[in-house]
Amino acid sequence: MGTVLSTFRYGGVLTKQRTLGIGAIVLISIFTYTQYNKKLSTKEQHQTKANTRKHSYAVDYQFFLRLKKLLKVCVPGFFTPETGYLILVAIIMIARTYCDVWMLKNGSAIERSIITRDKASFFLYLGKFFVAMVPIACINNILKYGLNELHLRFRTRLTTHLYKKYLQGYTYYQVSNLDNRIANADQLLTQDVDKFCACLSNLYSNVSKPILDIIIYARKLSGSLGVVVPSSMLGYLILSGLFLTKIRRPLGRLTAHEQRLEGEFRHVNARLITHSEEVAFYQGNAKEQSVISSSFKRLVNHLRHSMQLGFLIGVVDSMVNKYIGYSVGYFLVSRPFLDLTTPRFLNVSNSELMEEYYRSGRMLINLSMAVGRLVLAGRELARLAGFTARVTDLTDVLDDLNFGKYKRTMVQDRAPDTEDLPLIPNSGRIIEKERIIKFDKVPLVTPNGDVLVKSLSFEVHSGMNVLVCGPNGCGKSSLFRILGQLWPIFGGELTKPPRDKLFYIPQRPYLTLGTLRDQVIYPHRKEDMGEHMTDALLYEYLKEVHLESLLDRDGGWDAVQDWTDVLSGGEKQRIAMARLFYHRPQFAILDECTSAVSVDVEGFMYTRCKELGITLFTVSHRKSLWAYHEYVLAFDGKGNYSFSLRKDHSEEFGS
């Protein structure tokens, strides 16, 4: 690079052999890229056939529509801080370009002073340089700060927008359990959003600054060398941009696929952490190592393919943007100087000619560099296309789920007696009504279309405690997921109380991050407790489940610990029952929630629930719990069920 610039400064000209050599290298790189891209495209089509059929990751019309949609989120209006920072960055970029022009003129004046041995002028212009250092340094760092602030504000806007959709209703559950279009939503919400915003803010600078440079330097050169020189460079910009945009098309697809593989690798590592105890008991470390190694190998192979393709594209980029661009610049700037009849240079001294050549040459180099940066911005634009496609895919899925739409691979082989049942998600009707749960011809169907019970009908009013029993896979959990509106209803009519009047306690209760108080009142926050609810009442709930010792043992209500590790299995279940006493819902679904609690404590908790007016839906294999229920809902696992009084039920399940 330095050799090229020095050659340019002193009027050197590329030889014919060097030009032919550069041309041959460009042609070889293009041919190698074409053959490699065909091979890579065939392999990628086998790996991501479904995705590439549906989505385009190129810089095309669809990309700009997606980008426009996300820009409305990142910059929601004109009178916003984001717009202010965009304007600030634009102003600073203009100021920086004029600083570059001033530095160029001042530098040429310093070199002229050295060549003419004018000591006074040398110290004058050198002094100006020292004075200008502080404002120029400030301008450069204000530009960096503005771009970093844009990145942060874009990420804040987009992250807030996505999490608002993600945490609306039960979307966070449905995106991974109902819909199978998005894998590793956490990857999309964190890393992909961050990379999209970083790429977007950098692209704003990488596009705007070169355009400003081109306009300013073209105007300056038009005055000194004529309109032909900047016009020719801009013509070269258009041609090289079209050519390089064509060969960069695979980069968007590669970026999107890279992020999917990164998400899969994160997922297998997180899965091992989540299930480390079970893996340790099975001594499954060798198997898990093979799974992780396989995922990592796929990622490494893809990254290596991307590096190889990036190398080939980089060779062509360098040739087209730098060396051929400089060659065009050499030719254009040399014409008025080599033409001995140019009127402008007939009566000038050698030092003046040298200064004019240096100034014009440096301007043309800066113009060429601006053209090159603008063309190279196409590479970042291709990467941005990949991130844009992934983030917009996430927003589309979240929007669909918030409107009750989902897409999932459906079961093809159905039982003969259920083939005539139309499987249309959310085709049933849900009615909210206090103190009643009623299933009226509601089929129990999993999200993928597996029919467990063709038509379920029963009615439960407050005070009618129901024990739900049956073999594994018969539909007990499916019943509660439909009742909790986690799963769609495929027909019939479901009457149920509002969501806050229905409470679910699983076998392994969820413990949130926070204080001991937060564990009891979850999902409420401290400010949601209300004036009537005090820590003294919470203490009574803990005392009723025999956990009052936790206050002394673990540091009081405001103690913050990793409660999942601190509490034993039985203590977690008793915390969940205290949570139930606090909320006092109309109906409670108890799914094996006392399996780690002694029978006497269990009996007290069930009795206390009935005293508080909580109607119970219980799944349990303990015979001791039958005494606390008046009705039995029994499934046989073959699509049949019965709902009857406990005294009329012929058999008691459990032990």
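These numbers come from a predicted model, not from an experiment.

A. Representation of the overall build of the chain within the structure. Counting its secondary structure elements, the chain contains 20 helices and 10 strands. With 655 residues in all, the chain has 46% of them scored as buried. Excluding contacts between residues fewer than 6 apart, the proportion of contacts in the chain whose partners are at least 24 apart in sequence is 79%. Summed over its atoms, the accessible surface of the chain is roughly 33,900 Å², and 57% of this surface lies on carbon and sulfur atoms.

B. The nonpolar core, seen in detail. Core analysis: the largest hydrophobic core is formed by 76 residues, its most contacted members being Leu-158, Phe-196, Phe-439 and Phe-617. Apart from residues no more than four positions distant in its own chain, Phe-439 is found in contact with Leu-456, Ser-457, Phe-458, Leu-479, Ile-482, Leu-483, Glu-493 and Leu-494. In this structure, Leu-547, Trp-557, Val-597 and Tyr-606 belong to the second largest nonpolar core, which totals 38 residues.

C. Inspection of the sheet that holds strand E2 (residues 436-445) at higher detail. Taken in spatial order, the four strands make up an open sheet running E1-E5-E2-E3, and their pairing is mixed. The sheet is open, and its two edges are formed by strand E1 (429-432) and strand E3 (451-461), each paired on a single side. Direction aside, the axes of adjacent strands within the sheet are offset by 20° on average. Sheet topology places E1 next to strand E5 (residues 493-496); four bridges connect them, and they run parallel. When the bridges of E5 are listed, Ile-431 appears paired with Thr-495. Contacting E2, E3 and E5, helix H14 (residues 476-483) crosses the sheet at an angle of about 120° to E2.

D. How the structure looks around the pairing of strand E9 (residues 631-635). Among the five residues that make up E9, five are buried, leaving the element largely enclosed by the rest of the structure. Both faces of E9 are covered, namely the face carrying Tyr-631, Leu-633 and Phe-635 and the face carrying Val-632 and Ala-634. Note that E9 and strand E10 (residues 641-645) share five bridges and pair antiparallel. By the bridge assignment for E10, Leu-633 is matched with Phe-643. Hairpin remark: E9 followed by E10, antiparallel, with five residues in the connecting loop; positive phi at Gly-637, about 80°.

E. Looking closely at the pattern of salt bridges. Throughout the structure, instances matching the rule amount to 20 salt bridges. A salt bridge links Arg-298 to Glu-264, with the shortest nitrogen-to-oxygen separation between them at 3.9 Å. Residue Arg-298 is located in helix H12 (residues 285-338), and its partner Glu-264 is located in helix H10 (residues 249-274); the two are separated by 34 residues in the primary sequence. Among the residues examined, Arg-298 registers a relative accessible area of 41% and is labelled partly exposed. Bridged by salt links that share partners, the residues Asp-179, Arg-181 and Asp-400 form one connected network.

F. Representation of the sheet that holds E9. Spatially, the six strands line up as an open sheet ordered E6-E7-E8-E4-E9-E10, and their pairing is mixed. Of all the strands in the sheet, the pair left with one neighbour each is strand E6 (502-505) and E10. The sheet shows a mean angle of 15° between the axes of neighbouring strands, taken without regard to direction. Strand direction decides the pairing type here: strand E4 (residues 466-469) and E9, joined by four bridges, are parallel. Considered in E9, the bridge of Val-466 is made with Tyr-631. Against the sheet, helix H19 (residues 569-583) contacts E6 and strand E7 (587-591), and its axis sits at roughly 175° relative to E6.

G. Structural context of the state of the cysteines. Counted according to the given criterion, the structure contains zero disulfides. The cysteine Cys-74 is free of any disulfide, with Cys-197 supplying the nearest cysteine sulfur at 5.0 Å. Take Cys-197: its relative accessible area is 0%, and that puts it in the buried class.

H. Seen up close, a nonpolar patch on the surface. A cluster of nonpolar side chains, namely Phe-78, Phe-79, Ile-87 and Ile-91, defines an oily patch on the protein surface of about 510 Å² accessible area. Tracing the backbone through its elements, the reader meets Phe-78 in the loop between helix H4 (61-74) and helix H5 (81-116).

I. Region of the structure containing unusual backbone geometry. Residue Pro-523 is bonded to the preceding Tyr-522 through a cis peptide linkage, with omega at 10°. Tracing the backbone shows Pro-523 in the loop between helix H15 (516-521) and helix H16 (535-544). One non-glycine residue, Lys-441, adopts positive backbone phi at about 55°. On the secondary structure map, Lys-441 appears in strand E2.

J. View of helix H6 (residues 119-166). With 48 residues, H6 ought to run about 70 Å at 1.5 Å a step, and its terminal C-alpha atoms sit 69 Å apart, in line with that. A bend of about 40° at Met-133 is the largest found in H6, and the proline Pro-135 appears one to four places after it.

K. Here's a closer look at the confidence of the model for the chain. The predicted model of the chain averages 81 in pLDDT, with 85% of residues at 70 or higher. Taken element by element, the predicted model of the chain shows its lowest mean pLDDT in helix H1 (residues 2-9) (37) and its highest in E5 (95). Contacts of residues 1-22 to residues separated by more than four positions or lying in other chains number 24 contacts, the stretch itself having pLDDT below 50. Within the model, pLDDT remains below 50 along residues 38-54, and this stretch shows 16 contacts once partners closer than five positions in the same chain are excluded.

L. Molecular detail of the environment of Asp-399. Counting through the fold element by element, Asp-399 comes out in helix H13 (residues 350-402). Sequence-wise, Asp-399 and Thr-171 are 228 residues apart; in three dimensions their C-alpha atoms are separated by 9.3 Å. If sequence neighbours within four positions are ignored, Asp-399 has contacts with Lys-69 and Lys-165.

M. Structural context of the environment of Lys-638. Within the secondary structure, Lys-638 is located in the loop between E9 and E10. Lys-638 gets classed as exposed once you look at its relative accessible area, which sits at 72%. Residues Lys-638 and Cys-474 lie 164 residues apart in sequence; the distance between their C-alpha atoms is 7.2 Å.

N. Structural context of the packing of H16 against H19. Where H16 contacts H19, the two axes come as close as 9 Å, and the packing angle between them is 135°. It follows from the interaxial angle that H16 and H19 lie oblique. Crossing angle aside, the handedness with which H16 passes H19 is right-handed. Contacts between H16 and H19 pair Leu-538, Tyr-541, Leu-542 and Glu-544 from the former with Ile-575, Ala-578, Phe-581 and Tyr-582 from the latter. Its residues assigned to classes, the contact of H16 with H19 comprises seven nonpolar, no polar and one charged.

Analysis parameters
Residues numbered from 1 in each chain as written. Predicted model: local features only at pLDDT ≥ 70, side-chain atom pairs only at ≥ 80, totals over all residues. Heavy atoms only, no water. Helix = DSSP H or I, 4+ residues; strand = E, 2+ residues; numbered from the N terminus. Buried < 20%, exposed > 50% of the residue type's maximum accessible area, 1.4 Å probe, protein only. Contact = heavy atoms within 4.5 Å. Areas by Shrake-Rupley, 256 points an atom, 1.4 Å probe, with all protein chains shown as cover. Core = buried A, V, L, I, M, F, W, Y, C linked by side-chain atoms within 4.5 Å. Pairing = 2+ DSSP bridges. Axes fitted to C-alpha atoms, helices over the stretch in contact; angles between N-to-C directions. Salt bridge = Lys/Arg side-chain N within 4 Å of Asp/Glu carboxyl O. Disulfide = S-S within 2.5 Å. Patch = residues over 30% accessible without salt bridge, like charges linked within 9 Å, V, L, I, M, F, W, Y side chains within 5 Å. Expected span 1.5 Å × (residues − 1). Bend = angle between axes of the 7 residues up to and from the residue. pLDDT = per-residue confidence, 0-100. Parallel < 35°, antiparallel > 145°, perpendicular 65-115°, else oblique. Left-handed = near helix turned anticlockwise from the far one by under 90°. Nonpolar A, V, L, I, M, F, W, Y, C, P; charged D, E, K, R; others polar.

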